[in-house]
Amino acid sequence: MNPVNYLYLAAVLFTIGAAGVLIRRNAIVVFMCVELMLNACNLAFVTFSRLHGNLDGQIIAFFTMVVAAAEVVIGLAIIVSVFRTRHSASVDDASLLKL
Amino acid sequence: MENLIGLLVAAPLLGAAVLLCGGRRLDRVDHWIGTLLAAVSFALGAVLFADLLGKDAGARTLTSHLFSWVPVGGFRADVAFRLDQLSMTFVLLITGVGTLIHLYSVGYMEHDERRRRFFGYLNLFLAAMLLLVLADNYLLLYVGWEGVGLASYLLIGFWQHKPSAATAAKKAFLVNRVGDMGLSIAIMLMFTTFGTFAFGPVLTHATDAGEGKLTAIGLMLLLAACGKSAQVPLQSWLGDAMEGPTPVSALIHAATMVTAGVYLITRSGAIFNAAPDAQTAVVTVGAVTLLFGAIVGCAKDDIKKALAGSTMSQIGYMILAAGLGPVGYVFAIMHLVTHGFFKAGLFLGAGSVMHGMNDEVDMRRYGGLRTYMPVTFVTFGLGYLAIIGFPGLSGFFSKDKIIEAAFAKGGTEGWILGGAALLGAAITAYYMTRVMILTFFGEKRWQPDADGNRPHPHESPRTMTIPMVVLAVGSVFAGGLFSINDTFLKWLEPVTGHAEGNSPLSAIEVTAATMVVLVLGVALAWAQYGRGPVPVTAPRGNALVRAARRDLLQDDFNHVVLVRGGEELTRGLVRADHSVVDGIVNGTAAAVGGLSSRMRRLQNGYARSYAVSMFGGAAVLIAATLLMRAV
């Protein structure tokens, strides 16, 4: 199968993720969409690795997974803490950071 | 001998310093200290005069260098004096008449509680005027010039508790400042043109400069002279200056202050000789002023203001003569000296009359005073005959020469100037006769003053009558003395130069014409005031009389054009400041503020909107990168 199709899939996944981040209000869903975007990137990296015939892309994919794991830990902690104080998981309710 | 010149100025200056700083312990002797130091100055002047007379006509110049005042690089301004025939004449007039006025003030100001200060100011006035005429360069002359302005301000406003006096002093000072600007600009122009402002180099090299520059300097000097000598258009202060004590008026009008302008023009003769346009301006100012002053003098009922109009007119004669160039310089100064005698005498006489009449100044309330004040009557009468140019008296010789010189200007201009001078002589005869008749002749029209005291006219004390007698003697004989063998002409000629005029009329014809207009003027005044009773309140009069009573609307003119104009200008400037200058500053601030508050709305706190910005930014960046690659 033509590897470029994986790139299309990655692009579609990324777009879905981005749209989810921008549109959804539930912090958990937004969070999952971020993960979706990260994984879309990983897919693209791996595809490029295959296309170019070297391992650079795959190595970076591992880095991404590590960063994503760390981000999940911190992100979930923030979401839980916000939910405890405000009894809401909506990102729009946490809008005090403004002038 | 040279060292005495400095002392000449120092004596009255010392008097001023002692009297103004001395405090109350001088209260018994202050008037005599002031008079003594003025007399010392006069004595020194007389000694120097004798010394000059002993020298050859060409070598009668003494210079005295005191110290370098402003030495900067190649530029030097010195405190140096120059005593030549011209300065000498002024020194004798200033100190002589000045001393007499001091003596008169001893009697006149006897009961004034601020007498000490008065004499201090008088001495200061003399010192400033002496500095003005003795300076060897224009910068030092300017110091004296400003000193005269200051002293006149202090003296005109001496009775400062009267608002009118305080206002008059301010007015004199402000109007003089306009003239002073002229002098300072003239000095700057001299410096850029000649690189110096010492009399010697400037006046000997005057012809080296272009005529345009000389005309500019000449016009600026004329402006200065107009301010100090109360010539049109800067004449408005002189009438109000009568608010000062009468001896001050005498001093301002006879010996100091108003003569400064004539001195300045005569001293700068070399500049004017090479700038015919400036000379034309000078004669125009002189001719206009001599008629202006004379007309104002006719309408005033206040004896001092009538005399003030007369001074303006007589100084106009001098400026006219000075503007005629070498033909007239000598006669300008000669008239100045004879005028110094008779005008000082007239003012002192007026002061004596006021002294006896409870300080009443309205001539319509005098009348018949000749038997009550015989000395004042005789001295005032002689001054009167001198000023109208009665044959044989001082004014006759000097004024006749000026009229002759005016005709000698030649052409239409000569006829106009000569005609104006003749007309002025007629009006002079008219208004002086009017003053004389209203004051000393006719029935008594005395009125009680504001407190209900009826006047008891009496002759003034000796200290007042003696100066009047001396001045009357001067008014009678000075002109004749100067004219016999052309003594004055020969004396002054080495400094001012002299040219014989080329008059279309012979001297006899001019004299005859002067006599005719003199008789006409006197006859008219007699017909109007001498024959019948004079109303105590002035009749309404025609439009010209009413205008002349208001100084020919000079104050109204100044008010409308200068004051109102100045106000409009400032208002316009304020408006421009508010709308343009402040508009730019405030507008920028408002624009920045408005923009910021709009941009602030972008910070709405919604994480999703920040995310949109991030995505948008990233999209733009990527698009740009791709685009660059494609190109």
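**Student:** Which residues make up a nonpolar patch on the surface, and what are the values?
**Tutor:** Residues and elements named next belong to chain B. A contiguous nonpolar surface patch, about 450 Å² in accessible area, is contributed by Phe557, Val560, Val561, Leu562 and Val563. Its location among the elements puts Leu562 in helix H23 (residues 554–600). The exposure class assigned to Leu562 is exposed, which follows from its relative accessible area of 53%.

**Student:** Now, about the interface of chain B and chain A: what can you tell me, with residues and values included?
**Tutor:** In this assembly, 10 residues from chain B lie in contact with 15 residues from chain A. Both faces combined, the contact of chain B with chain A buries some 1000 Å², and carbon together with sulfur accounts for 65% of it. Of all residues in chain B, B:Tyr606, B:Arg608 and B:Phe615 bury the most surface against chain A, accounting for 55% of the area lost on that side. Linking chain B to chain A there are 1 salt bridge. We note a salt bridge from A:Asp92 to B:Arg608, for which the minimum N-O separation is 2.6 Å. Our enumeration of links across chain B and chain A arrives at 3 residue pairs in polar contact (both at pLDDT 80 or more). At 5 residues, helix H24 (residues 607–630) of chain B tops the list of elements feeding residues into the side of chain B that touches chain A. Tallied by class, residues from the side of chain B that touches chain A come to 5 nonpolar, 3 polar and 2 charged.

**Student:** Give a description of helix H20 (residues 487–496) of chain B that names residues and reports values.
**Tutor:** All names here are of chain B. Listed as buried for H20 are Phe488, Leu489, Trp491, Leu492 and Thr496. Down the axis, H20 shows its buried residues gathered within 165 degrees of arc, on one side only. Structurally, H20 contributes buried residues whose contacts are with helix H2 (30–53), helix H3 (85–108), helix H11 (258–267), helix H15 (329–356) and helix H19 (462–483). Backbone geometry just downstream of H20 places Gly497 in the positive-phi region, at approximately 75 degrees.

**Student:** So what's going on with the layout of surface pockets? Residues and values would help.
**Tutor:** In this structure, the largest pocket occupies an estimated 800 Å³ of space. Taken together, 26 residues line the largest pocket, and the ones lying closest to its centre are A:Val21, A:Val30, A:Val34, A:Val91 and B:Ala607. Of all elements in the fold, only helix H2 (27–52) and helix H3 (56–86) of chain A together with H24 of chain B reach the threshold of two or more residues within the lining of the largest pocket. Ranked by residues supplied to the lining of the largest pocket, first place goes to H3(A) with 7 residues. Grouping the constituent residues of the lining of the largest pocket by class yields 20 nonpolar, 4 polar and 2 charged. A volume near 650 Å³ is recorded for the second largest pocket. Lining of the second largest pocket is provided by 25 residues; of these, B:Phe49, B:Leu92, B:Val337, B:Leu481 and B:Phe482 occupy positions nearest its centre. Counting only elements with at least two residues in the lining of the second largest pocket, the list comes to H2, H3, H15, H19 and H20 of chain B. By residue number, the principal contributor to the lining of the second largest pocket is H19(B), which donates 7 residues. The residue makeup of the lining of the second largest pocket, split by class, is 18 nonpolar, 5 polar and 2 charged.

**Student:** How would you sum up the pairing of strand S2 (residues 75–83) of chain B? Please name residues and give values.
**Tutor:** All names here are of chain B. Pairing analysis gives 9 bridges linking strand S1 (residues 62–72) to S2, with the strands arranged antiparallel. Opposite Phe67, over in S2, you have Val79 as the bridge partner. Hairpin geometry of S1 and S2 is characterised by an intervening segment of 2 residues between the two adjacent antiparallel strands and by a positive phi of about 55 degrees at Gly73.

**Student:** So, the side chain of B:Arg115: which residues are in play, and what are the values?
**Tutor:** Residue and element names in this part refer to chain B. As for its placement among the helices and strands, Arg115 is situated in helix H4 (residues 115–134). Residue classification places Arg115 among the buried residues on the basis of a relative accessible area of 11%. At 3.4 Å, the side chain of Arg115 and the backbone oxygen of Glu110 are in polar contact. In this view, Arg115 contacts Asp27, Arg28, Asp30, His31, Met109 and Glu110; residues no more than four positions away in its chain are not counted.

**Student:** Requested: an account of empty space enclosed by the protein, with residues and values cited.
**Tutor:** All names here are of chain B. What the rule picks out here adds up to 3 cavities of 30 Å³ or more. Roughly 60 Å³ of volume is contained in the largest cavity. Considering the residues around the largest cavity, the lining is formed by Val330, Phe331, Met334, Lys401, Phe482, Ser483, Asp486, Phe488 and Leu489. Listing elements by their share of the lining of the largest cavity, those giving two or more residues are H15, H19 and H20. The leading source of residues in the lining of the largest cavity is H15, at 3 residues.

**Student:** Now, about the state of the cysteines: what can you tell me, with residues and values included?
**Tutor:** All names here are of chain A. The final tally for this structure, using the stated rule, is 0 disulfides over all chains. Looking at the unpaired Cys41, the closest cysteine sulfur is the one in Cys33, lying at 14 Å. Judged by relative accessible area, Cys41 falls into the partly exposed class, the value being 26%.

**Student:** Got a sec to walk through the packing of aromatic side chains? Specific residues and values, please.
**Tutor:** Residue and element names in this part refer to chain B. One pass over the structure, following the stated rule, counts 16 aromatic pairs over all chains. With a centroid separation of 5.9 Å and 45 degrees between ring planes, the pair formed by Phe191 and Phe197 is classed as tilted. Relative accessible area serves as the criterion here: at 34%, Phe191 is assigned to the partly exposed category. Look at Phe197 and you get buried, because its relative accessible area is 6%. Taken together, the aromatic side chains of Phe118, Phe119, Tyr121 and Phe158 make up a single cluster linked through ring pairs. Note that Arg114 overlies the ring of Phe158, its terminal NZ or CZ placed 4.6 Å from the centroid.

Thresholds, definitions, all that
- Residues numbered from 1 in each chain as written.
- Chains lettered and ligands numbered in written order.
- Predicted model: local features only at pLDDT ≥ 70, side-chain atom pairs only at ≥ 80, totals over all residues.
- Heavy atoms only, no water.
- Patch = residues over 30% accessible without salt bridge, like charges linked within 9 Å, V, L, I, M, F, W, Y side chains within 5 Å.
- Areas by Shrake-Rupley, 256 points an atom, 1.4 Å probe, with all protein chains shown as cover.
- Salt bridge = Lys/Arg side-chain N within 4 Å of Asp/Glu carboxyl O.
- Helix = DSSP H or I, 4+ residues; strand = E, 2+ residues; numbered from the N terminus.
- Buried < 20%, exposed > 50% of the residue type's maximum accessible area, 1.4 Å probe, protein only.
- Contact = heavy atoms within 4.5 Å.
- Buried area = accessible area lost by both parts, 1.4 Å probe.
- Polar contact = N/O pair within 3.5 Å; in protein donor to acceptor, adjacent residues only side chain to side chain.
- Nonpolar A, V, L, I, M, F, W, Y, C, P; charged D, E, K, R; others polar.
- Arc of directions from axis to C-beta.
- 1 Å grid on protein atoms, 1.4 Å probe; cavity = no way out; pocket = protein on both sides within 12 Å on 5 of 7 lines; lining within 4 Å.
- Points joined across faces, edges and corners; volume = space filled by probe spheres on them.
- Pairing = 2+ DSSP bridges.
- Disulfide = S-S within 2.5 Å.
- Phe/Tyr/Trp six-rings, centres within 6.5 Å; stacked < 30°, edge-to-face > 60°.
- Lys NZ or Arg CZ within 6 Å of the ring centre and 35° of its normal.

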